[in-house]
Amino acid sequence: MLNDEHPSGSRQAVQPVTGSLSSSQYESLIHKFGATGFSDQRSLEALMQVYSGAMREVRAKLENLDEEFSYRSLPNPIHHIEYRLKSVESILGKLHRRGLPMTLEGMRNNLRDIAGIRVICNYIDDVYSVSDMISRQSDVNILRVKDYIKNPKPNGYRSLHVILTVPVFLSDGPHVTPVEVQFRTIAMDYWASLEHELRYKNNIPDKDIARHSATLLACAHELAHVEGQMDGIHHDIEADARKALEETKDVLPRTIDVRV
Ligand code: GTP
Ligand code: MG
């Protein structure tokens, strides 16, 4: 037995990714949304497990890059990574709101943000370089890109949204599964967190919402301006690091030469 192998009896039972929803809580959600197409909780759990696997695959890709940069003592483009699996209530709510089929098929075919990852980078350059590194990987397929950095939303929101697919290999073969990856800088994240709070707190008077929204829009413009200037400095002083990355990129063998 390997040193770090768990003794066979100690393996933890895998928890369903739908979390701690009891069957009665589940049934009341089905009832609330009239989602009889979802009445088999086990089938939804099986599907959610695949989304959870897809999220793990993309996280692993990002963590591998993160580790490579740290190991090579290169400036690390990733500040941190956040991730979440959409809750059953949010899934049913979104299908219901949008008049989509309330079935597992309807969910699979229409919702692309069940597995969600947010990559927070230091600089705007980093947002594009990390998203390129992931997008170019051979098992990754890009379904949709929305660039709210080049084209910010009217409220000032900026981020790069990429919906990609990765294969999740189960006993019956690959399940190609979408993951929504949002790339943004620390400044964009700082702004989006406050804007999100303003939008989802329901005890704020309308006139205050309007005033705060206008201020947030002005802040978004200022942040974008400051970021542009800081990115310029960063770009200049990191020229050497980019050169080092280019020069050392073939240092590791890409394939293993297998002889039998
Ligand atoms: P959904 O189906 O609701 O996900 O919308 P969509 O397909 O039009 O996607 P979009 O790319 O516009 O937004 C998806 C996600 O980006 C949201 O769930 C939020 O996490 C984030 N987002 C988009 N717009 C805003 C915004 O104005 N403010 C904040 N704080 N977050 C936003
Ligand atoms: Mg969404």
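Report on the accompanying structure. Computed from a predicted structure; not experimentally measured.

**Considering the overall build of the protein chain**
1) Next: Looking only at helices and strands, one finds eight helices and five strands in the protein chain.
2) Next: In sequence order, the secondary structure elements of the protein chain are arranged as α-α-β-α-α-β-α-β-β-β-α-α-α.
3) Next: Summarising its shape, the C-alpha atoms of the protein chain cover approximately 70 × 60 × 30 Å along the three principal directions.
4) Next: Counting the 260 residues in the protein chain, one finds 20% classified as buried.
5) Next: For the protein chain, contacts bridging at least 24 residues in sequence account for 67% of all contacts bridging at least 6.

**Regarding the environment of G116**
1) Next: Inspection of the secondary structure puts G116 in strand β2 (residues 115-121).
2) Next: Judged by local crowding, G116 falls into the partly exposed class, with 18 C-beta atoms found within 10 Å.
3) Next: For the pair formed by G116 and S52, sequence separation is 64 residues and the distance between their alpha carbons is 9.6 Å.
4) Next: Those residues within four positions of G116 in sequence are excluded, and the remaining contacts are Y83, R84, K86 and E180.

Criteria and cut-off values
- Residues numbered from 1 in each chain as written.
- Chains lettered and ligands numbered in written order.
- Predicted model: local features only at pLDDT ≥ 70, side-chain atom pairs only at ≥ 80, totals over all residues.
- Helix = DSSP H or I, 4+ residues; strand = E, 2+ residues; numbered from the N terminus.
- Buried ≥ 20, exposed ≤ 12 C-beta atoms within 10 Å, placed from the backbone.
- Contact = placed C-beta atoms within 7 Å.

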